Amino acid sequence: MACHVRIDCRDEFMTETLLKMRIDTNDYNEFRDPLRALCSDFPPEYWRKLEDNPPDQRYPTDFADAIIASGFFAALIEEDFGGAGLPLRVAAVILETIHSTPCNASCVLGQMFLSTILGKHGSEAQKNEFLPRIAAGETRFLAAAISEDESGSDLAAMQTRAEKRGDRWVINGTKHWVNNARHTDIMLLLARTSEAPEGGDPCDGLTAFLVDIPKARENGMSAELIDAMINSNSENLVFEDLELPADAVVGEVGKGYDYYRELAEIECILCAACASGDSDFFSEKAVNYANERIVFGRPISYNQGIQFPISKAYVEVQGAKLIGNKAAAIYDAGKRPGATASMAKHMACEAAWNMADACFTTHGGFAFAREYDVERKWRDVRIMQMAPQGTNMLLSDIGENNLGMPRSF
């Protein structure tokens, strides 16, 4: 006999719990429908052709121009500065929708989330100068120079230094895997301005700077493009006595790591949305192919060996979306999502990988054929388990802040 459990929302405890969570379950089709229409102008053939190009010609310029001109990526900028002033949940919906199509938003992702730190911690002069231009699409804010070859995720070991000389800051050091550096106008740079105090957090003493890229290229910054997979568009940067004005500092000197942590939480939530969108792409692709492919006289979707992996991954995707919505709700309520953001990205990327694997298996040998776009998207979701925050770093964050275990890094 079936057991039907009814949750009575008039129950005082349940009502209070639901009100406190305030999780936004709106599907926001008013954003999804025009986004899908825009993305339809950039079909799979567009992305395949880019992949055939030399490394310095793989950036999806036409797509980036169109998506920035649409205004969707000004969603998080306050209305006072020309943006839409929308909640993070809507920004997540925008990215999820784009990634549910053959398109990829990594080329413009920074335009959405980097402006949040500028809006929260930038000076009034910085906000007035840059945010209206970013919102209008006149200025591109696509890159953040954080990681280094020797230190990687160990920001306490960062070697790039910023020294105050008169009214200027002078930068020396290197940064690796800086996405979209040659396609941006301004860049966020993290550098050490002082040593961490004894007994304090080893990441104290880092400072965030805004770098004018065209000026920097003529004033001590050189770049080398990394020949990597499509949608990477990464460079190694070298700074040799790069001079920045005193007003290039974002927020307080020495507080850069705090801003980075906040930025990483927002980025985790938005990357989770990208991964969930990719999951939707693979899910639709797998189901359609399974229903159409006839083997042994019937569609292969009848076979549990095909059906169950897709169904299992689908369950994981739905759970990941709920955690992503929870993390966004915490942020939109004015609080830091902390390790909930790490959980969102970890779950979404794991689910996307499993759905991609199920889709790959469903297509069999045809998954390797570029015309099906499975292997291209499959590479996209694999890299998301490593960057911008790797799986082990996310699990360390959860272990420390949710489970009370010692800090492992």
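The rules behind these values
- Residues numbered from 1 in each chain as written.
- Predicted model: local features only at pLDDT ≥ 70, side-chain atom pairs only at ≥ 80, totals over all residues.
- Heavy atoms only, no water.
- Helix = DSSP H or I, 4+ residues; strand = E, 2+ residues; numbered from the N terminus.
- Buried < 20%, exposed > 50% of the residue type's maximum accessible area, 1.4 Å probe, protein only.
- 1 Å grid on protein atoms, 1.4 Å probe; cavity = no way out; pocket = protein on both sides within 12 Å on 5 of 7 lines; lining within 4 Å.
- Points joined across faces, edges and corners; volume = space filled by probe spheres on them.
- Nonpolar A, V, L, I, M, F, W, Y, C, P; charged D, E, K, R; others polar.
- Core = buried A, V, L, I, M, F, W, Y, C linked by side-chain atoms within 4.5 Å.
- Contact = heavy atoms within 4.5 Å.
- Salt bridge = Lys/Arg side-chain N within 4 Å of Asp/Glu carboxyl O.

Q: Just give me the short version of unusual backbone geometry, but keep the residues and values in it.
A: At the junction of Ala-387 and Pro-388, the peptide bond is cis and its omega measures out at 0° in the coordinates. Note that Pro-388 resides in the loop between helix H12 (374-383) and helix H13 (391-401). A positive phi is found at Trp-177, a non-glycine position, where the angle reads about 55°. Positive phi, close to 55°, is recorded for Phe-296, a residue that is not glycine. Structurally, Phe-296 is set in the loop between strand E9 (294-295) and strand E10 (298-299). Residue Phe-296 is classed as exposed on the basis of its relative accessible area, which comes to 84%.

Q: Outline the layout of surface pockets, supporting the account with residue identities and numerical values.
A: Here the second largest pocket is characterised by a volume of approximately 370 Å³. Lining the second largest pocket are 19 residues, and of these Leu-210, Asp-212, Pro-245, Asp-247 and Ala-248 lie nearest its centre. Breaking the lining of the second largest pocket down by element, the ones donating at least two residues are helix H7 (124-135), strand E5 (206-212), helix H8 (213-217) and strand E7 (234-245). Of the residues assigned to the lining of the second largest pocket, the class counts are 10 nonpolar, three polar and six charged.

Q: Talk me through the nonpolar core; I want residue IDs and the actual numbers.
A: As a rule of thumb, nonpolar side chains are buried together in soluble globular proteins. One finds Phe-63, Phe-73, Ile-98 and Leu-270 to be the most contacted residues of the largest nonpolar core, which totals 99 residues. Ranked by the residues each element gives to this core, the list is headed by helix H9 (residues 256-292), at 17 residues. The residues contacting Leu-270, other than those within four sequence positions of it, are Leu-88, Ala-91, Ala-92, Leu-95, Leu-109, Met-112 and Phe-113. Within the second largest apolar cluster, 21 residues are counted, among which are Ala-143, Ala-216, Ala-248 and Val-249.

Q: For the pattern of salt bridges, give the residues involved together with the corresponding values.
A: In total, this model carries 28 salt bridges according to the counting rule given. In this structure, the salt-bridge partner of Arg-32 is Glu-96, at a minimum N-O distance of 3.1 Å. Taken together, the residues Arg-32 in helix H2 (residues 29-39) and Glu-96 in helix H5 (residues 88-99) connect sequence positions 64 residues apart. Here Arg-32 and Glu-96 have matching classes, each one buried. One continuous salt-bridge network, built from bridges that share partners, spans Asp-27, Arg-32, Glu-96, Asp-280 and Lys-321.

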